[in-house]
Every structure is written in C-alpha cells, then in structure tokens.
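# Structural overview
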Amino acid sequence: THITHPMSFLPLHQTDGPRTPPRTMAARAAVLLACALALFGEARAVDRSDAFIGYSETTRPDSSAIALRTSVGDIVVRLRDDISPRTARYFREFASARSARCTGCEFHRAEAIPEPGAIDNYGGPGPPYALVQGRLGLGSRSDLPKEGAPLVERGDVCVVGGGPDFFIATKAHHEWGNGHTVFGKVAERDMPVVDAIVRLPVLEQVWGQTHVTALAEKLPFTMATLAPTKLADVDDAGGGGNMLRGA
C-alpha cells in the first residue's frame, strides 16, 4: 500500500518491495521540495499587499503626478493616492481624457499672503488668503466625496467643496482645520510658478461676505499625466469653506 502526498504522485512510504537507494531517495526528496516551492510560491506571488502597510499591488497607479500647463509655466502636482485615492484617481483620469483639450480649465483667483494681524469676518488671517484657485472645465464633477483632510500646508492642492474648483495653498492654513480634501502636493521647487501666478494683475471682488482678489484675466491651463519615469526626469531637472466659492 502506498501513501501519496496530495501535491505529488511520488510515494512517500513503501511497506514492501526493493529498498530505494539513498541517492534515488535524495533525488525524489529534491523533486518534492521543488514542487512544493513552486505551488506555494505561485500562490504567494499573486498579491503581496499584506506585507506592506499602506501599499497595494492591485491598486498601484500608472501615473503618480499630473502637470497643469500654463503660459506662466508648468505646475507638477504629485497625487496623494495614500490619503485621497478616489479624488486622486479622478484628477488623473480627467487629465488623461482631456489632455490638451481641457475646455474651460482655468485659474481665476490669486491671493497674496496676508499682512501680519490681518483678520477677516471669520476670525482668521486675511484677506488676502494666500492661495491660487482654479477650476476644471467641461465635463467636470461637483460631487466628489470628502477624503483625506489633514491640516493644509504650503503646496497642498485641495478640492473646494465637491469640485470642480480646487486651490493650491501658498502658505499653511491650519486655521481652516480639516475642511478640505487634500489630493495633491506641489513640491517647493515647483512653487515658483504658483508664486508667479499670484503676482499677476488682480481685481478686488466680494464673494458673499468675503473680499477676494480675482485674476484680471483668467489663466487657462491644459493637463497631462506624468508616468513615474517622466516624473523622475522632472525631479532630476529640479524642475476656508465658502470663501473659496466664486463665479
């Protein structure tokens, strides 16, 4: 009678018949080990996500950044898939679909950093409000869900409400608490383009109870996705609530 291992057709034990030479037994053991490693190894190779905190092989994006291209310069936004995966995916897909035909995509508001001691109607610093505000164009959504909302730091890219507006902070806005989904980050080396937009001519306006500075001429932008290899090239080259609502 033979007792057969479920992962091999080779017998593990014999009760009669000629004894198997030691070299043959060693060879058979090696075959068994190889089969076991192949089968278990294949099962383990399907998805190693559990071995990495905050990482999933099944959801790894093809693009880790988007570029907002203006006549002033390109703004590279690193997408925050780690805290706002749905919003990051939406902006990535919008950029991929619209690309150079981003009809209606524009920056329309530019706010300098407020003077020390400036206090607005909400009790916070301002006006102005230290940000650049833009809007996605034709076909954009206004019902994006709330996701990761840490305290806003300089360079953070945040959704206004549920979209289609967003803003890039030019200073920290801890006074706004956790009110905005942060879906991207502009590295400090890329912030000079944002700071240059702030220096463009503006018009003083009032939105509700908030005094704002809107761009005298709206600044159109197109969008592009940046694959990890392209983003590496870029790296090597160095290269408050309803107060953000506008017409």
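Residues numbered from 1 in each chain as written. Predicted model: local features only at pLDDT ≥ 70, side-chain atom pairs only at ≥ 80, totals over all residues. Heavy atoms only, no water.

### Here's the deal with the pairing of strand β3 (residues 106–111)
The two faces of the sheet receive side chains in turn, since in a regular strand these alternate between them. Keep this limit in mind: Using a 1.4 Å probe on the protein chains alone, a residue whose accessible area is under 20% of its type maximum counts as buried, one over 50% counts as exposed, and one in between counts as partly exposed. By the criteria applied, helices consist of DSSP H or I runs no shorter than four residues and strands consist of E runs no shorter than two, each listed in order from the N terminus. Think of it this way: DSSP has to see at least two bridges between two strands before they count as a pair.
For β3, the tally of buried residues reaches six of six residues, placing the bulk of the element in the interior. Where β3 meets strand β4 (residues 131–135), five bridges bridge the pair, whose relative direction is antiparallel. The partner of alanine 110 across the bridge, within β4, is valine 132. With three bridges joining them, β3 and strand β9 (residues 210–220) adopt antiparallel strand pairing. In the strand pairing of β9, glutamate 106 is matched with proline 220.

### Remarks on unusual backbone geometry
A cis amide bond, omega -10 degrees, links glycine 126 with the succeeding residue proline 127. Mapped onto the elements of the fold, proline 127 is located in the loop between β3 and β4. A cis geometry characterises the amide bond from proline 127 onward to proline 128, with omega recorded as -10 degrees. With respect to the helices and strands, proline 128 occurs in the loop between β3 and β4. Even without being a glycine, alanine 130 presents a positive backbone phi close to 55 degrees. Mapped onto the elements, alanine 130 comes out in the loop between β3 and β4.

### Quick notes on the packing of aromatic side chains
So the rule is basically this: Geometry of aromatic contacts follows a simple scheme: Phe, Tyr and Trp rings, the Trp one being its six-membered ring, pair when their centres are within 6.5 Å, and the pair is stacked under 30 degrees between planes, edge-to-face over 60, tilted otherwise.
Evaluation of the coordinates by the stated rule reveals eight aromatic pairs. With 5.0 Å between their ring centres and 45 degrees between their planes, phenylalanine 107 and phenylalanine 221 make a pair best called tilted. Note that phenylalanine 107 is positioned in strand β3 and phenylalanine 221 in the loop between β9 and β10 (222–226), a separation of 114 residues in sequence. Exposure class is identical for phenylalanine 107 and phenylalanine 221. Each is buried. With centroids separated by 6.1 Å and ring planes inclined at 75 degrees, the aromatic side chains of phenylalanine 166 and phenylalanine 221 adopt a geometry described as edge-to-face. A residue pair is termed long-range when its members are at least 10 positions apart, and phenylalanine 166 in strand β6 (residues 165–169) and phenylalanine 221 in the loop between β9 and β10 qualify at 55 residues. Considered together, phenylalanine 166 and phenylalanine 221 belong to a single accessibility category, that of buried residues. Among the aromatic residues, ring-to-ring pairing joins Tyr90, Phe91, Phe94, Phe107, Phe166, Phe183 and Phe221 into one connected group.

### Observations regarding the pattern of salt bridges
Here is the rule we go by: Just to be clear on terms, a salt bridge is a Lys or Arg side-chain nitrogen sitting within 4 Å of an Asp or Glu carboxyl oxygen.
Within this structure, the stated rule accounts for 13 salt bridges. Across the pair glutamate 111 and arginine 109 runs a salt bridge whose closest N-O atoms are separated by 2.8 Å. Take glutamate 111 and arginine 109: they sit in the same class, and that class is buried. Note that glutamate 188 and arginine 154 form a salt bridge whose closest N and O atoms lie 2.9 Å from each other.

None of this, on its own, says anything about what the molecule does.
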